[in-house]
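The chain contents come next:
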Amino acid sequence: MKKAFIVAAVVVMFFSCKTTNEPAGQMVDVIVDLSGVDIQITPEDALSRMPAASDKDASGAKVKRIELSVFDLNDSLITSVTQNQDVDAANFGQPIKFRLPVGSYKFVAVAHTVAATSDPVATINSTTEFSLGAAIVGNPTYAIVQDVTISGNTTQNVTIDMGTRKNATFAVKFTDDNPSDVAKIQIVVSPTPTAYTDLKVNPSTGLAVSQWKYEKTFVISALGITTVKNCGFNVPLMLTAANQTLDATINALSATDEVLYTRTLQNVTLQQGHKTLATGTFFSPEATSTFIFDITEITDNISLD
């Protein structure tokens, strides 16, 4: 997935802009415009449908939080701007304006979706680390660090290329019906480590600082379905390497969280910017049935104009 922040000459001051350490020198207007963003979206079911129709805005592209921080070359924070679609939908994706002295900087940007409206935007701690806290990883999640030089005495035009999404996704699709006593589907990727309480990621690489457990439980009734057959269940996660093999445990739970059915898939291949889809029977009596893995990716070009 590719996303670009365009810095253009418009005069709209964005909300939540805070200056923490502004050096002396000639000041220049710098405007980050989130319109005109090109996005490539990986369809959730790549092999079962044609590429999705183009969306027209950041919300349609599933990005709901944006954090942009500007650091000087000593890694001191100069200014930071936050966008939260669930707080101010009208201004989400609108141009951001701030002033910077002439000089060289590192722009750090993180853009991601969220699992709940109460989930905060990622916190950029430095040029080498941002934190997602204890929130579920969003799909998509983007991050970038880019060197930017501000010169002259006129409004600057800068493009920050967000590149591809930094998260990976493990997905399960069942090909058989679940028994009536199954109330929840639980998926655990990397089950051996503990769950994170403060997920820290390098924005340059999109790689997590440590290996964690990623767990997500789906309540069938809350999804408005009566069977899990042919339904997809996705768990986004941040890897510690661009390509990684991890175990994944799939549990079918009762309403009281009793494990009714379980299976652990070993050495599952996961990649940044890809969805690994495991498809097969789970509840059927044939114990020898297996899952087939698909890590192909289809790209749709989407314009936010």
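Residues numbered from 1 in each chain as written. Predicted model: local features only at pLDDT ≥ 70, side-chain atom pairs only at ≥ 80, totals over all residues. Heavy atoms only, no water.

Visitor: Could you give an account of the overall build of the protein, with specific residues and numbers?
Guide: Secondary structure summary: the protein contains zero helices and 22 strands in total. Scored against the burial criterion, the 305 residues of the protein give a buried share of 49%. Put simply, of all contacts in the protein between residues at least 6 apart along the chain, 74% involve residues at least 24 apart. (Helix = DSSP H or I, 4+ residues; strand = E, 2+ residues; numbered from the N terminus. Buried < 20%, exposed > 50% of the residue type's maximum accessible area, 1.4 Å probe, protein only. Contact = heavy atoms within 4.5 Å.)

Visitor: Give me the pattern of salt bridges: which residues, what numbers.
Guide: A complete count under the given rule lists four salt bridges for this structure. With a shortest N-O distance of 2.7 Å, Asp257 and Lys184 are connected by a salt bridge. Taken together, the residues span a long stretch of sequence, with Asp257 in the loop between strand 18 (243-253) and strand 19 (259-271) and Lys184 in strand 14 (residues 184-189) at a distance of 73 residues. A residue is classified by how much of its surface remains accessible, and Asp257, at 46% relative accessible area, is partly exposed. (Salt bridge = Lys/Arg side-chain N within 4 Å of Asp/Glu carboxyl O.)

Visitor: Describe the sheet that holds strand 16 (residues 214-219), naming the residues involved and giving the relevant values.
Guide: Strands sit in the order 16-14-18-19 across an open sheet of four strands; the sheet is antiparallel. Whereas interior strands pair on both sides, the edge strands pair on one side only; in this sheet they are strand 16 and strand 19. Neighbour to neighbour, the strand axes of the sheet diverge by 15° on average, direction disregarded. Judged from the 10 bridges that link them, strand 18 and strand 19 form a sheet pairing that is antiparallel. (Pairing = 2+ DSSP bridges. Axes fitted to C-alpha atoms, helices over the stretch in contact; angles between N-to-C directions.)

Visitor: Provide a residue-level description of the packing of aromatic side chains, including the pertinent values.
Guide: Across all of its chains, the model carries eight aromatic pairs by this definition. Their ring planes at 45° and their centres at 5.5 Å tell us that Phe174 and Phe283 sit as a pair that is tilted. In this pair, Phe174 is assigned in strand 13 (residues 168-174) and Phe283 in the loop between strand 20 (275-280) and strand 21 (292-294), connecting sequence segments 109 residues apart. In this structure, Phe174 and Phe283 share a single accessibility class: buried. (Phe/Tyr/Trp six-rings, centres within 6.5 Å; stacked < 30°, edge-to-face > 60°.)

Visitor: Residue-level account of unusual backbone geometry, with values.
Guide: With omega at 20°, the peptide bond leading from Asn139 into Pro140 counts as cis. Following the sequence through the fold, Pro140 ends up in the loop between strand 10 (129-131) and strand 11 (141-150). A positive phi angle, close to 60°, is found at Ser190, a residue other than glycine. On the secondary structure map, Ser190 appears in the loop between strand 14 and strand 15 (200-201). The residue Asn267 is not glycine, and still its phi comes out positive at about 55°. You can see Asn267 is positioned in strand 19.

Visitor: Which residues make up the side chain of Asn178, and what values go with them?
Guide: Topologically, Asn178 is positioned in the loop between strand 13 and strand 14. Polar contacts involving the side chain of Asn178 include one to the side chain of Thr227, which spans 3.4 Å. Of note is the side chain of Asn178, whose polar atom sits 2.8 Å from the backbone nitrogen of Val228. (Polar contact = N/O pair within 3.5 Å; in protein donor to acceptor, adjacent residues only side chain to side chain.)

Visitor: I'd like a description of the sheet that holds strand 10, backed by residues and values.
Guide: Taking strand neighbours across the sheet as the criterion, the three strands line up as 9-10-15 in an open arrangement whose pairing is antiparallel. Sheet topology places strand 9 (123-126) and strand 15 at the edges, where each strand pairs with a single neighbour. Alignment of strand 10 against strand 15, held across two bridges, turns out to be antiparallel. For Ser131, the partnering residue across the bridge sits in strand 15 and is Lys200.

Visitor: Would you mind going over the nonpolar core in detail, with residue names and values included?
Guide: Counting residues in each nonpolar core, the largest one holds 40 residues, and the members touching the most others are Phe170, Phe174, Ile185, Ile187, Val189, Leu199 and Tyr214. Breaking this core down by element, the ones donating at least two residues are strand 8 (103-112), strand 13, strand 14, strand 16, strand 17 (232-237), strand 18 and strand 19. Counting 21 residues, the second-largest nonpolar core is a separate cluster that includes Val70, Phe92, Leu100 and Tyr142. (Core = buried A, V, L, I, M, F, W, Y, C linked by side-chain atoms within 4.5 Å.)

Visitor: Tell me about the pairing of strand 13, and please be specific about residues and values.
Guide: Across the seven residues of strand 13, seven count as buried, placing the element largely inside the fold. By the alternation rule, side chains of strand 13 split into Ala168, Phe170, Val172 and Phe174 and Thr169, Ala171 and Lys173, which are all buried. Where strand 13 lies against strand 17, six bridges are found, and the strand directions are antiparallel. Bridging across to strand 17, Val172 finds its partner in Phe233. Of the pairings in the sheet, the one linking strand 13 to strand 20 comprises six bridges and is parallel in character. The residue of strand 20 that forms the bridge with Lys173 is Thr279.

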